[in-house]
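What follows is the residue order along each chain.
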Amino acid sequence: MTAQDRKIPTHELTYARLRDMVLSGHLLPGQPVTIQGLVSDLDAGMTPVREAIRRLIAEGALTLQGNRRVLVPHLTPALLDQIAFARLTIEPRLAELAAPRLNGAIIARLEALDKGVDQAIRAGDVPGYLSGNHRFHFTLYDCADAGVLMDIAQSLWLRFGPSLRVVCARFGTESLPDRHGEALAAMRAGDAMALGQAIRNDIAQGVDQVRGALASGKI
């Protein structure tokens, strides 16, 4: 644990680590894990782990099974349609709200994050791709200063991310969503509408990947 970690309350740190395990696909859809196993993996006490699980169940990212087990639920086509509708509505709006607040330093940071995503794609580094993609989007969205929309977007990513991880693992990273170049061009031009459309295109590409895998029975 770093000095910075020690400044964060234990229950928040445990929640953040378990949330990242879901987002990164460390916990695969339908794969049950024991609560005691999570205590060991997270190097945390039973109480903060239980609280983290409770919060993620409320967010739809985990479901509680018998015998003190939890799992990431499988996506269904109907659930994917709902998640896609919400993401395609909320996240472009976050990008549009963020656009007037972007400055050279933030755009440079986003460019650096995108370079990391590109490197992960070339290297076939699935965890690196997922982590970098998430950081790119939420670094941008954070500039919108729209807390309610941010909370919803985070919840949607928790429901969608594990299935995208499965698609990455089975089909590789080269065909995965990356329309960040379009988004960065819109940022430099100060064009909020174009930025929102670029984010919408990026999301739609990922949704189509997962929808195709669901239709073919591959996830």
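The rules we used
Residues numbered from 1 in each chain as written. Predicted model: local features only at pLDDT ≥ 70, side-chain atom pairs only at ≥ 80, totals over all residues. Heavy atoms only, no water. Helix = DSSP H or I, 4+ residues; strand = E, 2+ residues; numbered from the N terminus. Rg over C-alpha atoms; globule rule 2.2 N^0.38 Å. Buried < 20%, exposed > 50% of the residue type's maximum accessible area, 1.4 Å probe, protein only. Contact = heavy atoms within 4.5 Å. Axes fitted to C-alpha atoms, helices over the stretch in contact; angles between N-to-C directions. Parallel < 35°, antiparallel > 145°, perpendicular 65-115°, else oblique. Left-handed = near helix turned anticlockwise from the far one by under 90°. Nonpolar A, V, L, I, M, F, W, Y, C, P; charged D, E, K, R; others polar. Salt bridge = Lys/Arg side-chain N within 4 Å of Asp/Glu carboxyl O.

A few words on the overall build of the chain. The helix and strand inventory of the chain stands at 10 helices and three strands. Starting at the N terminus, the α and β elements of the chain follow one another as α-α-β-α-α-β-β-α-α-α-α-α-α. Since a compact globule built from 219 residues should have a radius of gyration of about 17 Å, the 17 Å found for the chain is in line with a globular shape. The buried share of the chain, taken over its 219 residues, is 46%. The long-range share in the chain, meaning contacts at least 24 apart out of those at least 6 apart in sequence, stands at 73%.

Take the packing of helix 7 (residues 126-142) against helix 9 (residues 180-189) next. Between helix 7 and helix 9, whose axes approach to 12 Å, the crossing angle comes to 25°. Between helix 7 and helix 9, the angle is such that the two are roughly parallel. Crossing handedness for the pair helix 7 and helix 9: left-handed. Two secondary-structure elements touch here, helix 7 through Asn133, Phe136, His137 and Leu140 and helix 9 through His180, Leu184 and Met187. For the contact of helix 7 with helix 9, a count of residues per class yields four nonpolar, three polar and no charged.

Right, let's talk about the packing of helix 6 (residues 104-123) against helix 9 for a bit. Orientation of helix 6 relative to helix 9, taken along the N-to-C sense of each, is 170°, at an axis distance of 11 Å. Judged by the inter-axis angle, helix 6 sits roughly antiparallel to helix 9. Across from Ile107, Leu110, Glu111, Asp114 and Val117 in helix 6, the residues of helix 9 making contact are His180, Leu184, Met187 and Arg188. Tallied by class, residues from the contact of helix 6 with helix 9 come to five nonpolar, one polar and three charged.

This next bit is on the side chain of Thr14. Here Thr14 lies in helix 2 (residues 10-23). Of the residues examined, Thr14 reaches a relative accessible area of 4% and is grouped as buried. If we ignore the near neighbours within four places in the chain, the residues touching Thr14 are Leu42, Ala44, Pro48, Val49 and Ala52.

Let us now look at the pattern of salt bridges. By the definition in use, this model includes nine salt bridges. Among the salt bridges present, the one from Arg55 reaches Glu12, with a minimum N-O distance of 3.3 Å. With a gap of 43 residues between them, Arg55 in helix 4 (residues 46-58) and Glu12 in helix 2 connect regions that are remote in the sequence. On the accessibility criterion, Glu12 (30% relative accessible area) is partly exposed. In this structure, the salt-bridge partner of Arg93 is Glu96, at a minimum N-O distance of 3.4 Å. With Arg93 and Glu96 both in helix 5 (residues 77-98) and three residues apart, the pair spans about one turn of that helix. Residue class for Arg93 comes out partly exposed when judged on its relative accessible area of 42%. What you see here is one network of salt bridges that share partners, running through Asp81, Asp208 and Arg211.

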